[in-house]
Structure formats: C-alpha cells, structure tokens
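# Survey of secondary and tertiary structure
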Amino acid sequence: MRIGVLTGGGDCPGLNAVIRAAVRKGISDYGHEFIGFRDGWRGPLEGDTMPLDVSTVRGILPRGGTILGSSRTNPMKIDGGVEHIKDNLANHGVDALIAIGGEDTLGVAKQLFDREVKVVGVPKTIDNDLNATDYTFGFDTAVNIAVEAIDRLHTTAESHHRALICEVMGRHAGWIALHAGMAAGANVVLIPEKPFDIERVCEYVESRFKTRYAPIIVVAEGAHPLEGQMSLQSGELDAFGHVRLGGVGEWLAREIEKRTGKEARTTVLGHIQRGGTPTAFDRVLATRFGLQAIDAVHQGDFGKMVALRGTDIVRVPLAEATAELKTVPESRYAEAEVFFG
Ligand code: F6P
C-alpha cells in the first residue's frame, strides 16, 4: 500500500512522533510506502507532497512542530475540493490517508470518509477538547509549559505585591487553564465553560493580598464575564469560522486595578505553549497513536480515530470523535475552586 500522511490545524508537540511511528512500523512490519502531504488539507488539495521514508523520520521524535507543515485549509469550503483531493490521491497512487489533527481536520476526514476516501484519524490538540479520547498528545506539554511560567510568576508577584494574570490557550475548553492552575496553585482559574463574576474575582484577589502571598489568576483565552458586555474579539475568522481570540487577560488586569486599587499585570503565553519539544508523556502517547493508526490502515479499518481509553489505545468512529467538543465538566471545575482566594 501507498499511504499519505498529513498534519492539519494548529501544530502541537508530538506530531513528529506520530509520523515517525506510523512510518517506521508501516515500512518495517508491513512493507508499505509513504508519501507526505504538506500543510494539512492544502497538500492533497493541491497535490503538494514530500518524500516520507525511514531516513526522513530519523531524529524527529523530540522535535516540536511538524516536518509536514500545517495549515487550517478547509477543502469543504473550496469548490470541487473533494474531487481535487480524490484526483490528487489517485495521481500519486495513494491508497489510504492518515490525517493527524483536531476537530476541524478530523471533521474533514470524516466527510471524506463518507465520500469513500480511505482515512484513519489521529487526535492532536494542546486543548485536549477532542471527544472520545481521554487525552490528546500536546496537552501535557502545554500544561507543563504553563506550570513553569506560573511558578515563575508567583515569586515576582510576591516581590512587587501585584496581581499577575496568566492567559493560556483554550478557545472553547478550559482544560489547559484548569490543569495548569491546579498544578501551579493559582488563586483563581477562569474557563470558557463557566462565565465569571468579576466582583467575585476581585474578592479573591483582595483576600489573597491579606496574606503574604500575591494573587495569580489563570485565564483561558475564551473565558468571559457573566455580564457578557466585554468586546475582545478581533472579528477575524479562520477557514473553519473560528474567531481569533485574545484580550481577556488585559481586560482582567484593567478591571482588577480599577476595582481593587492594586496593580495588576498580564502575561499571555500564546504560542509558547505549542512550540518546542514534547514531554515524555506526549512522546509516548503520540508514538502509540502512530503505531495504532498504521495497524488500522493495514487492517483496512477506515473511518476510525485512534484514542486513549484508560491506558489502552483503541479505535473509535470518526463520527463519534467529531460529534461534539469535550469541555470541562462542573465537577472538575469544583475541584479547582476549593483552592480559590
Ligand atoms: O487549537 C489549538 C489552538 O492552539 C487553540 O488553543 C488556539 O485558540 C488556536 O489554536 C490558535 O490558533 P492560531 O495559532 O491559528 O492563532
């Protein structure tokens, strides 16, 4: 078989580990051939390829990013997109695809599978918001980067008697904020799933200032206040219709200063959470996903996404994986709330 591989959406530490594992096992155990498609769905759409063999994947296990490049190209928004993809797969003699991506990339994979493209999905996103898998790779790395940053913010906040706000990624789901906030002892964690009361946040800030420590607020980029009057979005949309976020951290700092009279500053971690080398956990998870993905392709088990359930790697229908986002449940937020203030 000749198998095409692509990585789509926001990049994430561990992508290269998946590619390496699928290619290594596919060649050594099954004698398959591989071809890389560049920049997500743009590759098969435009027929933009690169060689993918054992020598190409040597040394990439610890490297962040993706050797294949990525993009948020949505072929479903392009006239004749599906036909272009099918033609290009046929032209390159590609029998099956491994698509590594988040909800958008895998949503396209599902639609292509419905139109008879043989595809297996691998879940990736630092946001950990893909349904049907306990964890996505990249999440552990993002959380560890955020924890290291927040640990550092604690000491400088205390020296200057300031409130420090750390804005992390998480558009619709607050998993990074929740885990980083819990692990780094934040005084407040604000997530998109739970609109916050700015008055209550200021009370937590003031109570923390009564101790010898300083308040640290971890906020997901998609969090918003109860009032819902805040206008933060740039209005720009990507090909999948997502608004580019940013600004809740700065808004919080201004409100806290105004309402408490204390100095407040914001650190936006942004893409630092997505770049660089994956943690050992993410390398192992990504490797196991890659091995399972090539097994699924070899066995002709298409229309599936590989997933982590407990400690096992299983296969679930792409339809189930992309049906809805996995958001933070109330009970998990309640665990973090015990430590607020
Ligand atoms: O989906 C991953 C993610 O990092 C989100 O957390 C974030 O909102 C988005 O991508 C940012 O995307 P971009 O890098 O395209 O601005």
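As the structure is a computational prediction, the values presented were derived from the model and not from experiment.

## Description of the overall build of the chain
Within the chain, the secondary structure is distributed over twelve helices and eleven strands. A compact globule built from 341 residues should have a C-alpha radius of gyration of about 20 Å, and the chain, at 21 Å, falls within 12% of that. C-alpha extents for the chain along the principal axes are approximately 65 × 40 × 30 Å. Looking at the 341 residues of the chain, the share that counts as buried comes to 54%. Contacts in the chain between residues far apart in sequence, at least 24 positions, make up 75% of those at least 6 positions apart. Put simply, the chain shows about 14000 Å² of open surface, and 47% of that area lies on carbon and sulfur atoms. Charge centroids of the chain, computed over 37 positive and 45 negative side chains, lie 4 Å from each other.

## Some remarks on the state of the cysteines
Here the structure, examined in full by the defined rule, presents zero disulfides. Of all cysteine sulfurs, the one in Cys166 lies closest to Cys12, which takes part in no disulfide; the gap is 19 Å. Under the relative-accessibility criterion, Cys12 is labelled buried at 0%.

## Thoughts on a nonpolar patch on the surface
Among the surface-exposed residues, Met182, Val338 and Phe339 lie close enough to one another that they form a single nonpolar patch of about 330 Å² accessible area. Looking at the secondary structure, you find Val338 in the segment after helix H12 (330-337).

## Section: the sheet that holds strand E7 (residues 188-190)
Strands sit in the order E7-E8-E6-E9 across an open sheet of four strands; the sheet is parallel. Only two strands of the sheet have a single neighbouring strand rather than two, namely E7 and strand E9 (264-268). Going across the sheet, the axis of each strand differs from the next one's by a mean of 20°, ignoring polarity. Sheet analysis places strand E6 (residues 163-168) next to E9, joined by five bridges and oriented parallel. Paired with Ile165 across the bridge in E9 is Thr266. On the sheet, helix H7 (residues 175-184) packs against E6, E7 and strand E8 (216-220) and is oriented at approximately 170° with respect to E7.

## A few points about the packing of helix H8 (residues 198-209) against helix H9 (residues 248-260)
Any two packed helices are characterised by the angle at which their axes cross and by the distance between the axes. In the contact formed by H8 and H9, the axes pass within 10 Å of each other and the chain directions differ by 70°. When the axis of H8 is compared with that of H9, the two are roughly perpendicular. Here the hand of the crossing between H8 and H9 comes out right-handed. Here H8 contributes Ile198, Glu199, Val201, Cys202, Val205 and Glu206 to the contact with H9, which in turn contributes Trp251, Leu252, Glu255, Ile256, Arg259 and Thr260. Of the residues contributing to the contact of H8 with H9, the split by class is seven nonpolar, one polar and four charged.

## Examining the side chain of Asp129
As for its position among the elements, Asp129 is in the loop between strand E5 (119-123) and helix H6 (139-160). Of the buried charged residues, Asp129 lacks a salt bridge, with Arg171 as the closest side chain of opposite charge at 6.8 Å.

## Structural notes on the environment of Asp104
With respect to the secondary-structure elements, Asp104 resides in helix H5 (residues 103-114). It is 35 Å that separates the C-alpha atoms of Asp104 and Glu255, two residues lying 151 residues apart in sequence. When neighbours within four sequence positions are excluded, Asp104 is seen to be in contact with Phe240 and His242.

## Some thoughts on helix H1 (residues 15-28)
Taking 1.5 Å of rise per residue, 14 residues should cover 20 Å, and H1 covers 20 Å from first to last C-alpha, within 8% of that figure. Buried within H1 we find Leu15, Asn16, Ala17, Val18, Ile19, Ala21, Ala22, Val23 and Gly26.

## A look at the sheet that holds strand E1 (residues 2-7)
Strand order across the open sheet formed by seven strands is E3-E2-E1-E4-E5-E10-E11, with mixed pairing between neighbours. Of all strands in the sheet, those with a lone pairing partner are strand E3 (49-52) and strand E11 (312-317), marking the two edges. Taken over all neighbouring pairs, the strand axes of this sheet differ in orientation by 30° on average, direction set aside. The pairing of E1 with strand E2 (residues 33-37) spans four bridges and is classified as parallel. The partner of Gly4 across the bridge, within E2, is Ile35.

## Describing the nonpolar core
If you look at the biggest cluster of nonpolar residues, it comprises 85 residues, and the most contacted ones within it are Ile98, Phe137, Leu190 and Leu252. When residues of this core are assigned to their parent elements, the largest contribution, nine residues, is made by H6. By size, the runner-up hydrophobic cluster in this structure holds 25 residues, among which are Trp41, Val82, Leu106 and Val316.

## A word on the UniProt feature "site: Important for catalytic activity" (unreviewed entry) in the chain
UniProt feature "site: Important for catalytic activity" (unreviewed entry): in the numbering of this structure it lies at Lys124. Looking at the secondary structure, you find Lys124 in the loop between E5 and H6. Excluding residues that lie within four positions of it along the chain, Lys124 makes contacts with Gly8, Gly9, Gly10, Cys12, Leu15, Ile100, Gly101, Gly102, Leu130, Thr136 and Phe137.

Analysis parameters
- Residues numbered from 1 in each chain as written.
- Predicted model: local features only at pLDDT ≥ 70, side-chain atom pairs only at ≥ 80, totals over all residues.
- Heavy atoms only, no water.
- Helix = DSSP H or I, 4+ residues; strand = E, 2+ residues; numbered from the N terminus.
- Rg over C-alpha atoms; globule rule 2.2 N^0.38 Å.
- Buried < 20%, exposed > 50% of the residue type's maximum accessible area, 1.4 Å probe, protein only.
- Contact = heavy atoms within 4.5 Å.
- Areas by Shrake-Rupley, 256 points an atom, 1.4 Å probe, with all protein chains shown as cover.
- Lys, Arg positive; Asp, Glu negative; His and termini not counted.
- Charge placed at Lys NZ, Arg CZ, Asp CG, Glu CD.
- Disulfide = S-S within 2.5 Å.
- Patch = residues over 30% accessible without salt bridge, like charges linked within 9 Å, V, L, I, M, F, W, Y side chains within 5 Å.
- Salt bridge = Lys/Arg side-chain N within 4 Å of Asp/Glu carboxyl O.
- Pairing = 2+ DSSP bridges.
- Axes fitted to C-alpha atoms, helices over the stretch in contact; angles between N-to-C directions.
- Parallel < 35°, antiparallel > 145°, perpendicular 65-115°, else oblique.
- Left-handed = near helix turned anticlockwise from the far one by under 90°.
- Nonpolar A, V, L, I, M, F, W, Y, C, P; charged D, E, K, R; others polar.
- Expected span 1.5 Å × (residues − 1).
- Core = buried A, V, L, I, M, F, W, Y, C linked by side-chain atoms within 4.5 Å.
- UniProt positions renumbered as here; feature names shortened; annotations may be inferred.

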